[in-house]
Amino acid sequence: MKLTNRPRRTHAEEEEKPRLVSPGHAARSAVPRWLQGLLTPLLPAALLTWWVTGTVTGSIPQRVLPGPFEIWEAIQRLTENGEILRHLRASLARAGAGLFTGGIAGCLLGLVTGLSTLGNRLIDPLIQAIRTIPPLALLSLFILWFGVGEAPKVALIALGAAFPLYINTVGGIRAVDTRLLEAAKTYGVKPRRRIISIVLPQTLPSIFSGIRLAASISIMLLVAAEQVSTAGLGFLLLQGQSYFDTAQVIVVLLVYALLGMLVDLLVRFAERLALPWTGRETRR
Amino acid sequence: MTPVHPNSGHTDQPVVEGAVDPSDAAVSLRGVSQSFGNRSVLDDVHLTIPTGQFVALLGRSGSGKTALLRILSGLDPASAGEVRVAQRRTMVFQEPRLIPSQRVWRNVLLGLNARSRRTDALACLAEVGLADHADDWPALLSGGEAQRVALARALIREPQLLLLDEPFAALDALTRVSMHRLIRRLCALHGPATLLVTHDVDEAIALADRVLVLADSRIGLDLRLDPALDRSQGSSQQVAIRRTLLHALGADEQTDLPLASTQTELERHRGEPSPP
Ligand SMILES: Nc1ncnc2c1ncn2[C@@H]1O[C@H](COP(=O)(O)OP(=O)(O)OP(=O)(O)O)[C@@H](O)[C@H]1O
Ligand SMILES: [Mg+2]
């Protein structure tokens, strides 16, 4: 094609050329920004209004959903004599003990499986087999074994926390960039040092997401384990249920939600501290 | 006098006139073969590299250059043949391979004993022009910067054999030229045998004492370059060697001549000869 034969561009053609867009904003939604800002609190606000008006006018029965005033009363009643704190402490002690022991055990077993082929052969099949049993179903067995004290509850939580940490540790080790290990090998780094300075740091992000998963699972199992106890959030929940005290049930649910959020925040914070090399600017 | 001492024999006789005493060699390969499955990548390779020699290794993609370097570095065993290499050797890979969880200066000290100090790392980083980045995380470096850190990591150990697998591929033309100077200077200073894998014929001519071309699983060409050679881009000697190498690589004569690399262009603009 000869360049000279090309007709000169007309003004109209100039305007038809594709518009330039900024990269990374291509997927921006068609909804304008100000409307988006309004959309986010829309549903919660509607729900809140429905709750307040429904309970005040009496169209929502007390037993289904108590009003704001009743909830406030329940909060006051539960906090007044520090009762809820006592229950919270009992629950946290159980969850903490279970999470800690189970987490450490899962992590250690994961390290053995991930780092040695022998461990992989020996441990992994058994753990995979046990994992097929739902942890909640094991509560009965644990009660038969350990009685109704603290032991079965902590054991249940420990078991539930161990699996995600085991799986994430093994997965993290398997995903380590072997090319880095190779480079370290040519530079004469001994196997043990390679594990400490390359494998473990590379596995940490995966371990942290395992911790987050384990934390939420342990809170979940806490509810079930505390159905047979005299203290703890699960006990408060059951008490509210048996006295038809819906307000108390709802307050306990709120505490669970707060607890979950707090734990997640804490783990994220610890993660940021422990993994400084995955800063925001380097995260994909 | 011809500037070139082409290997008169074939791969069976790679050691040309004036060959050094093998005990002084950094690399000695006898009948080395490498195959993956039933695919032969290297076949009966003989190679001796004396201490202090700078060797460039050319070859098309997939010709087995990396495979050869992996054998020399001790990462892969050869499937046949005798491999003898200097004890202290370091390798710069095609990718930087820095450890993301360690700061740049820590990466430079990788594998050195605990007594090695930060000041040593800083001095070495300064040599590759990265003193300011000593405390950065590797993920924040540009590709070329990361590759230079990898180079510093290889140089700080003062190896007897330096294996470089296309270390300059990610660098811009200017940085490349300064890296060439740096490498030549450091090699002259510490005198390691250097084996540089490259795709760039001009780079090979500019830097090397000797150029090998890997083709059909063998060292198809083994060229000694006279130290007195006029290596400036476009000189008659340079062009002649260039043609020989491209021919050995199997490049088509018609298409190869206009293919001047960016480095070539740059040097021509600055009227500067390549480092001898
Ligand atoms: N571990 C392996 N298993 C199977 N095949 C392999 C392996 N390593 C290398 N190869 C094959 O050997 C051949 C040579 O590979 P090599 O990496 O040495 O090429 P190269 O000359 O370095 O190429 P490039 O210039 O593209 O880096 C390729 O065809 C590759 O597929
Ligand atoms: Mg390669």
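Higher on the page you've got the structure.
These numbers were taken from a predicted model, which means no experiment stands behind them. Each chain has its residues counted from 1, running along the sequence as written. In the order they appear in the text, chains get letters beginning with A and ligands get numbers beginning with 1. Only residues with pLDDT of 70 or above have their local features reported here, since the model is predicted, and side-chain atom pairs are shown and tallied only from 80 upward, although totals for entire chains, interfaces and linings are computed over all residues. Excluding hydrogens and water, the side-chain values take into account all heavy atoms of the structure.

(A) Representation of the packing of helix H5 (residues 83-115) of chain A against helix H6 (residues 117-131) of chain A. Residue and element names in this part refer to chain A. To get an axis, fit a line to the C-alpha atoms, keeping to the stretch in contact for a helix; angles then go from 0 to 180 degrees between the N-to-C directions. Helix numbering and strand numbering both begin at the N terminus, where a helix is a DSSP run of H or I of at least 4 residues and a strand a DSSP run of E of at least 2. Relative orientation of the contacting elements H5 and H6 amounts to 130 degrees, with a least axis distance of 6 Å. With respect to H6, the element H5 is oriented oblique. As for the relative orientation of H5 and H6, their crossing is left-handed in sense. Counted together, Leu109, Val112, Thr113 and Leu115 of H5 and Thr117, Gly119, Asn120, Ile123, Asp124 and Ile127 of H6 form the full contact between these two elements. Here roughly perpendicular refers to angles of 65 to 115 degrees, roughly parallel to angles under 35, roughly antiparallel to angles over 145, and oblique to all remaining angles. A clockwise turn of the near helix away from the far one marks a right-handed crossing, whereas an anticlockwise turn of less than a right angle marks a left-handed crossing. Only heavy atoms matter for contacts: two residues are in contact if any of them lie within 4.5 Å across the pair.

(B) Here's a closer look at the interface of chain A and chain B. In this assembly, 16 residues from chain A lie in contact with 23 residues from chain B. Buried area is understood as the total, over both parts, of accessible area removed when two parts are fitted together, assessed with a 1.4 Å probe. Roughly 1700 Å² is buried in total at the junction of chain A and chain B, and carbon and sulfur atoms are behind 66% of that figure. Area buried by chain A at its contact with chain B is led by Thr186(A), Tyr187(A) and Trp277(A), which between them contribute 41% of it. Within this document, salt bridges are pairs made up of a side-chain nitrogen of Lys or Arg and a carboxyl oxygen of Asp or Glu, the two lying within 4 Å of each other. The interface formed by chain A and chain B contains three salt bridges. Here Arg97(B) and Glu182(A) are joined by a salt bridge, their closest N and O atoms 2.8 Å apart. Here a polar contact is taken to be a pair of N or O atoms separated by no more than 3.5 Å, where protein atoms must pair a possible hydrogen donor with a possible acceptor and residues adjacent in sequence count only if both atoms sit in side chains. For the pair chain A and chain B, the interface holds six residue pairs in polar contact (both at pLDDT 80 or more).

(C) The coordination of the magnesium ion (ligand 2), seen in detail. Residues and elements named next belong to chain B. Of the protein atoms, only Thr66 (OG1) and Gln94 (OE1) coordinate the magnesium ion (ligand 2), at distances of 1.9 to 2.6 Å. Here Thr66, found in helix H1 (residues 65-73), pairs with Gln94, found in the loop between strand S6 (89-92) and helix H2 (104-108); they are 28 residues apart in sequence, far enough to count as distant. Only protein chains enter the accessibility calculation, which uses a 1.4 Å probe; a residue whose area is less than 20% of its type maximum is buried, one above 50% is exposed, and one in between is partly exposed. Thr66 gets classed as partly exposed once you look at its relative accessible area, which sits at 28%. Distances up to 2.8 Å from the metal define which N, O and S atoms are donors, and 3.2 Å serves for Na, K and Ca; water is absent from the atom set, so sites may look incomplete.

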